[in-house]
Amino acid sequence: MKDNIVLIGMPGTGKSTVGILLAKALGKDFVDSDILIQVREGKTLQQIMDENDYLHLRDIEESVLTGINGHHLVIATGGSAVYSEAAMNHLRHHGIIIYLDTPLPELRQRITDYDTRGIARRPNQSFEELYAERTALYRRYADITLNGAQHTAGEMVAAIVEALAAAQ
């Protein structure tokens, strides 16, 4: 039964903020995979990357995502979730995947802590390169794509509820 809603997208798209409000609006529980990672590891995402590397963080993320087995959830994934086919297939099996597609210029304005935010990326990979690489993956896995440009979190929740009703 596909009763979970999975939010994917770049850092700064508002997955966590929108996810909390969406869960409240739909009477679902909310799960933030970045927080699950930090609680499990006892470290921030940036600390994990500083002590190891971005691939280690992605491995942890895959383990955490494939371990989510609940129902009636809104799941905000980390931006790098789409690098794991196993994680995305697991999430898709139990949920509808919604891509919050926010244009690069708007993300650049929102992300002011790129180097310290704990974004799983190759060393010296620019935000623009990361955006181009991930966008193809987000589109590949998305059941529904919504334009996240210049919308409040409340407007995004309304757009998601509308898109889910139309997909029924």
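All values derive from a computational prediction rather than experimental measurement.

So, how was this worked out
Residues numbered from 1 in each chain as written. Predicted model: local features only at pLDDT ≥ 70, side-chain atom pairs only at ≥ 80, totals over all residues. Heavy atoms only, no water. Core = buried A, V, L, I, M, F, W, Y, C linked by side-chain atoms within 4.5 Å. Buried < 20%, exposed > 50% of the residue type's maximum accessible area, 1.4 Å probe, protein only. Helix = DSSP H or I, 4+ residues; strand = E, 2+ residues; numbered from the N terminus. Contact = heavy atoms within 4.5 Å. Expected span 1.5 Å × (residues − 1). Arc of directions from axis to C-beta. Salt bridge = Lys/Arg side-chain N within 4 Å of Asp/Glu carboxyl O. Phe/Tyr/Trp six-rings, centres within 6.5 Å; stacked < 30°, edge-to-face > 60°. Lys NZ or Arg CZ within 6 Å of the ring centre and 35° of its normal. Axes fitted to C-alpha atoms, helices over the stretch in contact; angles between N-to-C directions. Parallel < 35°, antiparallel > 145°, perpendicular 65-115°, else oblique. Left-handed = near helix turned anticlockwise from the far one by under 90°. Nonpolar A, V, L, I, M, F, W, Y, C, P; charged D, E, K, R; others polar.

Student: Is there a simple way to explain the nonpolar core in this structure?
Tutor: Note on soluble globular proteins: their nonpolar side chains tend to be buried together. One finds Ile8, Met10, Ile75, Val82 and Met88 to be the most contacted residues of the largest nonpolar core, which totals 26 residues. Residue assignment for this core shows that the elements contributing at least two residues are β1 (4–8), β3 (73–76), α5 (85–94), β4 (95–101), α6 (104–110) and α7 (127–141). In terms of residue count, α7 provides more of this core than any other element does, 6 residues in total. Discounting residues that sit within four places of it in the chain, Met10 has contacts with Lys15, Leu107, Phe127, Leu130, Tyr131, Arg134 and Tyr138. In this structure, Leu22, Leu100, Ile144 and Val157 belong to the second largest nonpolar core, which totals 15 residues.

Student: Explanation requested: helix α1 (residues 15–26) in the structure shown.
Tutor: Working note: α-helix, 3.6 residues per turn, so residues spaced by three or four point in the same direction. An ideal rise of 1.5 Å per residue puts 16 Å on 12 residues; α1 measures up with 16 Å between its terminal C-alpha atoms. Turning to α1, its buried residues are Lys15, Val18, Gly19, Leu22 and Ala23. What you see down the axis of α1 is that its buried residues fit within an arc of 135°, all on one side. Exposed side of α1, more than 90 degrees from the buried face: Lys24 and Ala25 are the residues found there. Tucked into the core, α1 has its buried residues touching β1, β2 (29–32), β3, β4 and α8 (153–167). Among the residues trailing α1, Gly27 stands out with phi positive, at a value near 70°.

Student: Hey, could you run me through the pattern of salt bridges in this one?
Tutor: Opposite charge on two side chains permits them to pair, given that their charged atoms come into close proximity. For the structure shown, the criterion picks out 6 salt bridges. Note that Arg40 is salt-bridged to Glu41, the shortest N-O span being 3.0 Å. The closest approach of N and O atoms between Arg108 and Glu128, which form a salt bridge, is 3.3 Å. Of this pair, Arg108 sits in helix α6 while Glu128 sits in helix α7; the two residues are 20 residues apart in sequence, bridging distant segments of the chain. A relative accessible area of 37% means that Glu128 is categorised as partly exposed.

Student: I'm lost on the packing of aromatic side chains in this one. Help?
Tutor: The description of two aromatic rings rests on the distance between their centres and on the angle between their planes. Under the definition given, this model contains 1 aromatic pair. Across from the ring centre of Tyr83, 3.6 Å away, lies the NZ or CZ of Arg58, which sits over that ring.

Student: I tried to follow the packing of helix α4 (residues 54–66) against α5 on my own but got confused; where do I start?
Tutor: A pair of packed helices is captured by two measures, namely the crossing angle of their axes and the spacing between those axes. Look at α4 against α5: their axes get within 9 Å of each other, and the N-to-C directions meet at 20°. Taken together, α4 and α5 sit at an angle that is classed as roughly parallel. Considering the relative orientation of α4 and α5, their crossing is left-handed. In this structure, α4 contributes Glu62, Leu65 and Thr66 to the contact, and α5 contributes Ala86, Ala87, His90 and Leu91. Its residues assigned to classes, the contact of α4 with α5 shows 4 nonpolar, 2 polar and 1 charged.

Student: How do you make sense of α8 when you look at a structure like this?
Tutor: The terminal C-alpha atoms of α8 lie 21 Å apart, and with 15 residues this matches the ideal 21 Å at 1.5 Å per residue to within 8%. Looking at α8, one finds that the buried residues are Met156, Val157, Ile160, Ala163 and Leu164. Burial along α8 is one-sided: seen end-on, the buried residues are contained in an arc of 130°. Structural note: α8 exposes Glu162, Ala165 and Ala166 on the side pointing more than 90 degrees away from its buried face. The elements touched by buried residues of α8 are β1, α1, β4 and β5 (144–147).

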